[in-house]
Amino acid sequence: MTNLSRRLLPSTAALAAFESVARLGSFSSAADELSLTQGAISRQISGLEEQLGIVLFDRSSRGVALTEPGRSYAKAIGSALSQIRAASLQVMTKRHGDALNLAMLPTFGTRWLLPRIPRFVAQHPDITLNFATRIGIFDFERDGLDVAIHIGQPNWPGAECTFLMDEMVAPVCSPTFQADNPVRSAEDLMRLPLLHMASRPGGWAHFFETLGVPGAPSQGMRFEQFASVGQACSAGLGVALMPLFLIDAELKSGALVQALPQQVRSPSSYYLVAPITKMDFRPVALFRAWLIDEVGRYSNEPDYA
């Protein structure tokens, strides 16, 4: 190998250190992430700069910042390291067949998808499933993921979105709260404490607008997690606007009841999303076909679980 070739192939340790510092903006944070000392990270970066003949970071008493060449290098290296990690994972799991790296929404995943996954595993025991949690649009290649469950609109750049299902929402509360606060119309809800979910900031406004109720919904408690708003609702703190298919168990057990029989279609729907380049990847194609079949069965038989 020539001297130039060696200069163009830095060690993966140095590249990993550089990528971590570039992403976190701190030598100490990168050291924590990689379980190294700050001095070791500094030496890796200095050695990489010497090997490349460029300055990657501006160093000052306030910290470090990427130089212009550093920003360009970080963008390319981040993508390359993600590909290496994904390739390594695929090789490691290849002994047992193909691997599918799936990103799922936390509540949809735990409440609806994971209870059904044993059927996929039974049909395709040669495919190893690796799960990650993601909310919103992300970079499939950078994150080393093959397919995702997405709620929103079918507008993911460079990917194909397969419609799965709409989301029907309704106001729900505890039986005790309902007894103490009888609701006879949507207008009655306006006078009650309404619980809000951070992931659906306009949920209540859309609900009242759809039913033709004028005015703005009251401001109430706001929760980041679906589980938290469900617990608050069960505790009698107010009325929550919840996706009905995700609270099947609570409705059947009587822990939660509909405060009003009206249901409204959410502005967002659920989609299976895969990069166009992965549509012919066998695990993606098999998972897509299986999931569409599962959704079809559930839509025709809501008790099918």
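Residues numbered from 1 in each chain as written. Predicted model: local features only at pLDDT ≥ 70, side-chain atom pairs only at ≥ 80, totals over all residues. Heavy atoms only, no water.

Visitor: Describe the overall build of the chain, and please don't skip the residues or the numbers.
Guide: Secondary structure summary: the chain contains 14 helices and 11 strands in total. The C-alpha radius of gyration of the chain comes to 25 Å, more than 25% above the 19 Å expected for a compact globule of 305 residues. Along the first, second and third principal axes, the C-alpha set of the chain runs to 80 × 50 × 30 Å. Nonlocal contacts in the chain, meaning residues at least 24 apart in sequence, comprise 73% of its contacts between residues at least 6 apart. On the chain, roughly 16000 Å² of surface is accessible, and the fraction owed to carbon and sulfur atoms is 55%. The distance from the centre of the 26 positive side-chain charges to the centre of the 28 negative ones in the chain is 5 Å. (Helix = DSSP H or I, 4+ residues; strand = E, 2+ residues; numbered from the N terminus. Rg over C-alpha atoms; globule rule 2.2 N^0.38 Å. Contact = heavy atoms within 4.5 Å. Areas by Shrake-Rupley, 256 points an atom, 1.4 Å probe, with all protein chains shown as cover. Lys, Arg positive; Asp, Glu negative; His and termini not counted. Charge placed at Lys NZ, Arg CZ, Asp CG, Glu CD.)

Visitor: I'd love a proper account of the pattern of salt bridges, names of residues and values included.
Guide: Tallied over the full model, the rule gives 18 salt bridges. With its nearest N and O atoms 3.1 Å apart, the salt bridge here joins Asp98 to Arg282. Placement of the pair is Asp98 in the loop between α5 (68–93) and β3 (99–104) and Arg282 in helix α14 (residues 282–300), with a sequence separation of 184 residues. Salt-bridge contacts for Arg297 lead to Asp293; the nearest nitrogen and oxygen are separated by 3.3 Å. Of the two residues, Arg297 and Asp293 are both situated in helix α14; the distance of 4 residues between them amounts to about one turn of the helix. Given a relative accessible area of 39%, Arg297 falls into the partly exposed group. With a relative accessible area of 37%, Asp293 lands in the partly exposed category. Connected through shared salt-bridge partners, Glu19, Arg23 and Glu33 make up one network. (Salt bridge = Lys/Arg side-chain N within 4 Å of Asp/Glu carboxyl O. Buried < 20%, exposed > 50% of the residue type's maximum accessible area, 1.4 Å probe, protein only.)

Visitor: An account of the side chain of Ser26 is requested, with residue identities and associated values reported.
Guide: As for its position among the elements, Ser26 is in the loop between α2 (12–24) and α3 (27–34). A distance of 2.9 Å separates polar atoms of two side chains, one belonging to Ser26 and the other to Ser28. Looking at Ser26, its side chain comes within polar contact range of the main-chain nitrogen of Ser29, at 3.1 Å. If we ignore the near neighbours within four places in the chain, the residues touching Ser26 are Val21 and Val64. (Polar contact = N/O pair within 3.5 Å; in protein donor to acceptor, adjacent residues only side chain to side chain.)

Visitor: Account for the packing of α2 against α3, with residues named and values stated.
Guide: Between α2 and α3, whose axes approach to 8 Å, the crossing angle comes to 125°. With respect to α3, the element α2 is oriented oblique. Considering only the axes of α2 and α3, their crossing is right-handed. Two secondary-structure elements touch here, α2 through Ala16, Ala17, Ser20, Val21, Arg23 and Leu24 and α3 through Phe27, Ser29, Ala30, Glu33 and Leu34. Grouping the amino acids of the contact of α2 with α3 by side-chain chemistry returns 7 nonpolar, 2 polar and 2 charged. (Axes fitted to C-alpha atoms, helices over the stretch in contact; angles between N-to-C directions. Parallel < 35°, antiparallel > 145°, perpendicular 65-115°, else oblique. Left-handed = near helix turned anticlockwise from the far one by under 90°. Nonpolar A, V, L, I, M, F, W, Y, C, P; charged D, E, K, R; others polar.)

Visitor: A description of the packing of α2 against helix α4 (residues 38–52) should follow, citing residues and the corresponding values.
Guide: α4 packs onto α2 with a crossing angle of 105° between their chain directions and a minimal axis gap of 9 Å. One finds that α2 runs roughly perpendicular with respect to α4. Here Ala13, Ala14, Leu15, Ala17, Phe18 and Val21 of α2 come into contact with α4, specifically with Ile41, Gln44, Ile45 and Leu48.

Visitor: Go over the nonpolar core with me, naming the residues and quoting the values.
Guide: One broad trend across soluble globular proteins is that nonpolar side chains are buried collectively. Counting 59 residues, the largest nonpolar core has Trp112, Leu113, Ile149, Leu189, Phe287 and Leu291 as the members making the most contacts within it. Those residues in contact with Leu189, other than ones at most four positions away along the chain, are Pro171, Val183, Leu194, Trp204, Phe207, Phe208, Val239, Ala259 and Leu260. (Core = buried A, V, L, I, M, F, W, Y, C linked by side-chain atoms within 4.5 Å.)

Visitor: Outline the side chain of Glu294, listing residues and values.
Guide: Relative to the assigned elements, Glu294 resides in helix α14. Of the residues examined, Glu294 reaches a relative accessible area of 1% and is grouped as buried. Polar contacts involving the side chain of Glu294 include one to the side chain of Arg119, which spans 2.8 Å.

Visitor: So, α2: which residues are in play, and what are the values?
Guide: A rise of 1.5 Å per residue sets the reference length of α2, with its 13 residues, at 18 Å; its end C-alpha atoms lie 18 Å apart and thus fit the reference within 8%. Looking only at α2, the buried set comprises Ala14, Leu15, Ala17, Phe18, Glu19, Ser20 and Val21. Taken from the residues just after α2, Gly25 is the one with a positive phi, measuring 70°. (Expected span 1.5 Å × (residues − 1).)

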